[in-house]
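Chain and residue survey
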Amino acid sequence: MPIERTLSIIKPDATKRNLTGLINAKFEKAGLRIIAQKRLQLTRSMAEKFYEIHKDRPFYNDLVNFMISAPVLVQVLEGNNAVKLNRDVMGATNPDDADEGTIRKEFAKSIEANSVHGSDSLENAQIEISFFFANIELVV
């Protein structure tokens with residue numbers, strides 16, 4: 001199995017409720033290593049640029065407003081098939097559809113306030129990681 005890296009964001013709804021440790025424990029229990037991590041208050045321009053792929057979708061402005069509403073924890077996770085494993089640990093975007101034991105089933109408040117973001121492909125993981133981290137910050 002290939003060792004991969006993926007981006008994870010613990011979103012404002014989770015940081016406001018002090019859930020970062022519980023969420024990180026789920027990543028680590030699943031076999032993902034946290035190799036970079038920082039707490040940020042996203043600016044509007046940062047959030048708009050990061051979510052630019054959704055610019056023409058009806059939820060874009062609400063998403064940007066939500067992501068700047070409180071600090072986030074951005075991190076790089078590493079492990080075997082990290083992109084897929086992270087998405088499995090997160091659960092379905094809609095917490096009502098998420099499997100028991102997943103982050104979104106346990107902690108998400110709604111489809112919008114779903115506690116975590118994770119890269120959806122290896123290609124996007126590389127783009128997203130470089131948005132927040134320099135190579136020197138990725139410590140194995």
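Our structure is the block above this text.
The following paragraphs examine the structure supplied in this document. (Residues numbered from 1 in each chain as written. Predicted model: local features only at pLDDT ≥ 70, side-chain atom pairs only at ≥ 80, totals over all residues. Heavy atoms only, no water.)

1. Some points on the environment of valine 64
With respect to the helices and strands, valine 64 occurs in helix α4 (residues 60-67). Along the primary structure valine 64 and serine 8 are separated by 56 residues, whereas in three dimensions their C-alpha atoms are 17 Å apart. Ignoring anything within four residues of it in the chain, the contact list for valine 64 reads Arg44, Ala47 and Glu48. (Helix = DSSP H or I, 4+ residues; strand = E, 2+ residues; numbered from the N terminus. Contact = heavy atoms within 4.5 Å.)

2. A look at the sheet that holds strand β4 (residues 116-118)
An order of β2-β3-β1-β4 is seen for the four strands of this open sheet, with the pairing classed as antiparallel. At either end of the open sheet lies a strand with only one pairing partner, and these are β2 (33-40) and β4. Going across the sheet, the axis of each strand differs from the next one's by a mean of 20°, ignoring polarity. When β2 meets strand β3 (residues 72-80), the two strands line up antiparallel, connected through seven bridges. Within β3, the position partnered with alanine 36 by the bridge is valine 76. Seen against the sheet, helix α2 (residues 20-29) touches β1 (3-10), β2, β3 and β4 and runs at an angle of roughly 10° to β3. (Pairing = 2+ DSSP bridges. Axes fitted to C-alpha atoms, helices over the stretch in contact; angles between N-to-C directions.)

3. Thoughts on the environment of valine 116
Mapped onto the secondary structure, valine 116 falls in strand β4. Excluding anything up to four places from it in sequence, valine 116 contacts Ile9, Ile10, Lys11, Ile23, Met90, Ile103 and Arg104.

So yeah, pure geometry; function would need other evidence.
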